[in-house]
Amino acid sequence: MNFLGILENVIGSISNSVWPFFLPFMLIVGAYTAINGIFKVQKKCSKPSKLNPKKIIGPASISLGSMIGTGAIIGVLGSLSKLVTSGQNFLEAMALWGILGACIMVPVSYSEVLCSKIMDKKPAQYISKLLNPTLGLIYTIAFTALYIFGFGGFQYSGIDTVVTIITEVFVGIELSQVQRYIFIVVPIIIFVSCIVLTKKHHIFINAMTYLIGTAVVLYFVFFITFIVKTNDYIPTFFANMIEGMKNPVAAMIGMPTGFILAMQRICQTAETGLGSLAMAAQEEDTEPREAAVIALIPSITTLCVSLLVTSYICSYGIAHGVFALPGDALGRLGGYFRTATAVTGNFGLIVLSIFCLFSALTTLLGSYYFLSQLYNNSENKNIAIYMCIEIIAGTLAVFGFNIVFDAVDLLLFVVSGINICALAVFVTKGYKQYLINKESK
């Protein structure tokens with residue numbers, strides 16, 4: 001095994017060892033933060049406010065567009081594959097584990113945005129103030145590596161995989177790596193770069209709004225069609241879900257593997273605790289409670305798209321012999337496409353292709369927004385940094401240099417751990433200083 005292969009294994013081993021210990025911490029501190037944020041800080045530091053529909057579009061488009069990417073399918077399929085590899089025969093259980101985890105983590109998203117708006121600070125700023133400037137710097141670097149490079153790399157890899165499946169399975173043409181890079185990655189880089197280079201914010205927001213809006217609506221229409229055509233399988237799906245919950249496979253310190261994998265996907269897809277929702281909330285001049293409610297829209301939508309929809313379609317495909325788990329990324333996604341096509345015909349193929357393309361583009365565009373929120377550089381400098389990172393991420397996605405992508409779960413631990421700790425400090429004592437400063441004005 002070469003050096004890179006060894007390094008990938010080391011990163012994976014560290015991540016697998018950290019999460020069983022980090023998960024209880026995240027659940028306990030997250031629940032503490034959510035409860036205190038909603039029932040104490042909200043009451044003392046913010047006034048009730050009405051939701052203005054006009055102010056929903058900007059933050060919701062950025063949050064939803066950046067959240068829902070190809071990882072909503074590919075990432076969940078990867079977790080389901082790991083669950084099967086661990087010995088769990090009923091992969092459907094992960095959807096229910098995800099729902100249980102969401103009951104804790106979605107309120108954390110609400111509290112995160114609420115506290116950020118009350119402080120009127122971005123995550124890196126309040127982390128530096130509440131914890132330590134060094135931790136604020138570590139958060140900034142880790143978020144950049146996780147989101148702009150790691151999540152961005154997933155999008156290029158996802159689109160590359162989708163096009164490869166369509167050309168090989170449905171068209172019969174096999175593209176070389178160089179061809180895939182020239183005809184897939186390069187056009188995507190040019191597209192997102194053209195939008196960013198306009199330097200016109202309304203074009204940026206409109207692009208994200210229309211792309212993600214179209215992708216989500218079409219995807220839900222596809223899923224409803226899929227459900228209607230497979231309604232006789234619904235009782236089996238729920239029966240398997242309950243059976244899997246009754247017979248969990250334990251990981252380190254007895255934590256159910258399904259719960260660990262579901263929580264990783266919640267952090268990755270719904271971005272709970274990462275700070276991205278707080279940064280997206282800066283898009284509009286909204287009141288704290290109003291901004292926090294808006295943040296729930298993309299969080300809940302993303303969890304439905306990723307965990308529930310993907311688990312059901314995957315379960316149906318396996319039960320009917322369309323594909324099997326575990327397997328490599330190409331095989332898993334190919335099976336997912338074949339299942340969709342077998343039930344809904346070419347409509348499913350077209351919708352899945354559009355969803356993967358549009359959602360990937362909005363995630364890439366969203367990453368530029370977060371870059372501009374993290375660094376106080378000139379616009380030209382941020383654009384230059386963004387384009388360089390995108391070129392590197394797209395190149396590595398095609399030519400197989402996957403170390404950064406393998407480190408995503410580890411980076412999730414770093415980013416969310418630091419951010420949640422800072423929020424816990426604020427709901428414990430930081431808000432008292434806010435009240436003192438407010439009264440002195």
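About the cut-offs
Residues numbered from 1 in each chain as written. Predicted model: local features only at pLDDT ≥ 70, side-chain atom pairs only at ≥ 80, totals over all residues. Heavy atoms only, no water. Helix = DSSP H or I, 4+ residues; strand = E, 2+ residues; numbered from the N terminus. Contact = heavy atoms within 4.5 Å. Areas by Shrake-Rupley, 256 points an atom, 1.4 Å probe, with all protein chains shown as cover. Patch = residues over 30% accessible without salt bridge, like charges linked within 9 Å, V, L, I, M, F, W, Y side chains within 5 Å. Salt bridge = Lys/Arg side-chain N within 4 Å of Asp/Glu carboxyl O. Core = buried A, V, L, I, M, F, W, Y, C linked by side-chain atoms within 4.5 Å. Buried < 20%, exposed > 50% of the residue type's maximum accessible area, 1.4 Å probe, protein only. Phe/Tyr/Trp six-rings, centres within 6.5 Å; stacked < 30°, edge-to-face > 60°. pLDDT = per-residue confidence, 0-100. Expected span 1.5 Å × (residues − 1). Axes fitted to C-alpha atoms, helices over the stretch in contact; angles between N-to-C directions. Parallel < 35°, antiparallel > 145°, perpendicular 65-115°, else oblique. Left-handed = near helix turned anticlockwise from the far one by under 90°. Nonpolar A, V, L, I, M, F, W, Y, C, P; charged D, E, K, R; others polar. Polar contact = N/O pair within 3.5 Å; in protein donor to acceptor, adjacent residues only side chain to side chain.

Trainee: Before we go on, may I ask you to explain the overall build of the protein chain in this structure?
Mentor: From N to C terminus, the protein chain includes 17 helices and zero strands. A separation threshold of at least 6 residues defines the contact pool for the protein chain, and within that pool the share at least 24 residues apart is 86%. Accessible area of the protein chain: about 17600 Å², with a carbon and sulfur share of 66%.

Trainee: Looking at this structure, how should I read a nonpolar patch on the surface?
Mentor: Where nonpolar side chains cluster on the molecular surface, the patch consists of Val178, Ile182, Phe183 and Phe399 and spans about 400 Å² of accessible area. For the nonpolar patch, the element with the most residues is helix α7 (residues 177-197), which contributes three residues. Within the secondary structure layout, Phe183 lies in helix α7.

Trainee: For this particular structure, what's the right way to read the nonpolar core?
Mentor: Proteins that are soluble and globular tend to have nonpolar side chains buried together. Ranked by size, the top nonpolar core spans 138 residues in total, and within it Met26, Ile73, Tyr139, Phe143, Tyr219 and Leu365 carry the most contacts. Among the elements that take part in this core, helix α4 (residues 93-119) stands out by supplying 15 residues, more than any other. Among all residues touching Leu365, those that are not within four sequence positions of it are Val192, Ile195, Val196, Phe204, Ala207, Met208, Leu211 and Tyr386.

Trainee: Is there a simple way to think about the side chain of Thr310 in this case?
Mentor: For Thr310, the position within the fold is in helix α12 (residues 288-319). Classification of Thr310 by relative accessible area gives buried; the value is 0%. The contacts of Thr310, once residues within four sequence positions are left out, are Ala72, Ile73, Val76, Leu77, Tyr219, Val305 and Tyr336.

Trainee: Would you take a moment to explain the packing of aromatic side chains for this structure?
Mentor: For any pair of aromatic rings, the description consists of the separation of the ring centres together with the inter-plane angle of the planes. In total, this model carries 18 aromatic pairs according to the counting rule given. An angle of 85° between the planes, with centres 6.0 Å apart, marks the rings of Phe226 and Tyr312 as edge-to-face. Placement of the pair is Phe226 in helix α8 (residues 201-229) and Tyr312 in helix α12, with a sequence separation of 86 residues. The pair formed by Phe226 and Tyr312 is uniform in burial state, with each residue classed as buried.

Trainee: Is there a simple way to think about the confidence of the model for the protein chain in this case?
Mentor: Regions with low pLDDT should not have their predicted coordinates read in detail. Scored by pLDDT, the protein chain comes out at a mean of 82, with 90% of its residues at no less than 70. At the low end of the mean pLDDT range in the protein chain sits helix α16 (residues 403-406), at 61; at the high end sits helix α5 (residues 123-130), at 92.

Trainee: What is the right way to look at the environment of Val398 in this model?
Mentor: Relative to the helices and strands, Val398 is located in helix α15 (residues 379-399). According to the relative accessible area criterion, Val398 is buried, its value standing at 3%. Remark: the alpha-carbon pair of Val398 and Val178, spanning 220 residues in sequence, is separated by 8.5 Å. Apart from residues no more than four positions distant in its own chain, Val398 is found in contact with Asp160, Gln177, Arg180, Tyr181 and Val185.

Trainee: What should I look at first to understand helix α14 (residues 346-374) in this one?
Mentor: In an α-helix, one turn spans 3.6 residues, which is why side chains three or four residues apart end up on the same side. Here α14 is 29 residues long and its end C-alpha atoms lie 42 Å apart, about the 42 Å a rise of 1.5 Å per residue gives. Of all 29 residues in α14, 22 are buried, a share of seventy percent or more.

Trainee: What should I look at first to understand the environment of Pro288 in this one?
Mentor: Inspection of the secondary structure puts Pro288 in helix α12. What makes Pro288 buried here is its relative accessible area of 12%. Sequence separation between Pro288 and Ile118 is 170 residues, and the spatial gap between their C-alpha atoms is 5.9 Å. With near-sequence residues (within four places) excluded, Pro288 lies in contact with Ser46, Leu114, Lys117 and Ile118.

Trainee: Hey, could you run me through unusual backbone geometry in this one?
Mentor: With the exception of glycine, most residues fall at negative phi, and the peptide bonds are largely trans. Phi at Asp120 is positive, roughly 60°, even though this residue is not glycine. Its location among the elements puts Asp120 in the loop between α4 and α5. Among the residues examined, Asp120 registers a relative accessible area of 59% and is labelled exposed. One non-glycine residue with positive phi stands out, namely Lys199, at about 60°. When you line up the elements, Lys199 lands in the loop between α7 and α8. In this structure Lys199 comes out as partly exposed when scored by relative accessible area, which is 41%.

Trainee: Would you mind showing me how to read the packing of α4 against α12 here?
Mentor: How two helices pack is summed up by the angle between their axes together with the distance between the axes. Contact geometry of α4 with α12 gives a least axis separation of 8 Å together with a crossing angle of 160°. In terms of orientation, α4 lies roughly antiparallel with respect to α12. Here α4 and α12 pass one another in a crossing that is right-handed. Here Met94, Ala95, Gly98, Ala102, Val106, Ser109, Tyr110, Val113, Leu114, Lys117 and Ile118 of α4 lie close against α12, whose contacting residues are Pro288, Arg289, Ala291, Ala292, Val293, Ala295, Leu296, Ser299, Ile300, Leu303, Leu307 and Ser311. Considered class by class, the residues forming the contact of α4 with α12 number 17 nonpolar, four polar and two charged.

Trainee: Looking at this structure, how should I read the side chain of Thr341?
Mentor: Tracing the chain through its elements places Thr341 in helix α13 (residues 329-344). A polar atom in the side chain of Thr341 sits 2.8 Å from the backbone oxygen of Phe337.

Trainee: What is the right way to read the packing of helix α3 (residues 71-85) against α12 from this model?
Mentor: Across the interface, α3 lies against α12 with an axial gap of 9 Å and an inter-helix angle of 60°. In terms of orientation, α3 lies oblique with respect to α12. Crossing hand, α3 versus α12: right-handed. Touching Ala72, Ile73, Val76, Leu77 and Leu80 of α3 are Val305, Ser306, Leu307, Thr310, Ser311 and Cys314, all from α12. Taken together, the residues that form the contact of α3 with α12 break down as eight nonpolar, three polar and no charged.

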